[in-house]
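# Structural characterization, general
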Amino acid sequence: MAGYGVANERLRVLEELEREIGASLQSAGTVILELSKEKAGERLLERQAAQFGAAVLKVEAELSAQIRYLTQVATGQPHEGSSYAARKGCQLALNRVDYARRRLGELARACEGMLEP
């Protein structure tokens, strides 16, 4: 099933994103720790601050891409690899069949009541 491949890839990207967030927090923690020292290492501060900035930009871009994808899927727009629209259509058809079955049962009971003397 292609849908599971897409979903698994999306989950893998989110896990990678989670690791990136952890790394950026670690960089921020190193900067704060270094700033608390009496003589801060300027090169270490610059390197860690640059790593933090790059990580934030990467996380922001990837989260935006994930939000765009979820918006497309949630609005029912066609999307390659998404089975949402098909599942929704199937569920609606099943609901209509169930409704028709109940109405036919009610009609059959009403007709039986009319035929009995």
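Our structure's up above, just so we're on the same page.
Because the structure is a prediction, the values reported are computed rather than measured.

Okay, the overall build of the protein chain next. On a plain count of helices and strands, the protein chain comes out with 3 helices and 0 strands. Each helix and strand of the protein chain, placed in order from N terminus to C terminus, yields the pattern α-α-α. Here the protein chain holds 117 residues, and 11% of them are scored as buried. Partitioning the contacts of the protein chain with sequence separation of at least 6, the portion at a separation of at least 24 is 58%.

In this structure the tally under the stated criterion is 8 salt bridges. Here Glu 34 makes a salt bridge to Lys 37, at a shortest N to O gap of 3.2 Å. In this structure Lys 37 comes out as partly exposed when scored by relative accessible area, which is 44%. The partner of Arg 101 in a salt bridge is Asp 98, with the nearest N and O atoms 3.9 Å apart. On the criterion of helical spacing, the pair formed by Arg 101 and Asp 98 is a turn pair, its members being 3 residues apart in helix α3 (residues 84–115). Residues participating in the shared-partner salt-bridge network are Glu 9, Arg 12, Glu 16, Glu 20 and Lys 58.

What follows covers the packing of aromatic side chains. Counted by the stated rule, this structure contains 0 aromatic pairs. Taking the ring centre of Tyr 69 as reference, the NZ or CZ of Arg 10 above it sits at 3.8 Å.

What follows concerns the environment of Ala 49. When you line up the elements, Ala 49 lands in helix α2 (residues 42–74). A relative accessible area of 41% places Ala 49 in the partly exposed class. Linking Ala 49 and Ala 28, residues 21 residues apart in sequence, is a C-alpha distance of 7.1 Å.

Right, let's talk about the side chain of Ser 27 for a bit. Positionally, Ser 27 belongs in helix α1 (residues 2–36). The exposure class assigned to Ser 27 is buried, which follows from its relative accessible area of 6%. Within the structure, Ser 27 has its side chain in polar contact with the side chain of Gln 48 (distance 3.3 Å). If we ignore the near neighbours within four places in the chain, the residues touching Ser 27 are Gln 48, Gln 51 and Phe 52.

Thresholds, definitions, all that
Residues numbered from 1 in each chain as written. Predicted model: local features only at pLDDT ≥ 70, side-chain atom pairs only at ≥ 80, totals over all residues. Heavy atoms only, no water. Helix = DSSP H or I, 4+ residues; strand = E, 2+ residues; numbered from the N terminus. Buried < 20%, exposed > 50% of the residue type's maximum accessible area, 1.4 Å probe, protein only. Contact = heavy atoms within 4.5 Å. Salt bridge = Lys/Arg side-chain N within 4 Å of Asp/Glu carboxyl O. Phe/Tyr/Trp six-rings, centres within 6.5 Å; stacked < 30°, edge-to-face > 60°. Lys NZ or Arg CZ within 6 Å of the ring centre and 35° of its normal. Polar contact = N/O pair within 3.5 Å; in protein donor to acceptor, adjacent residues only side chain to side chain.

What is shown is where atoms sit, not what they do.
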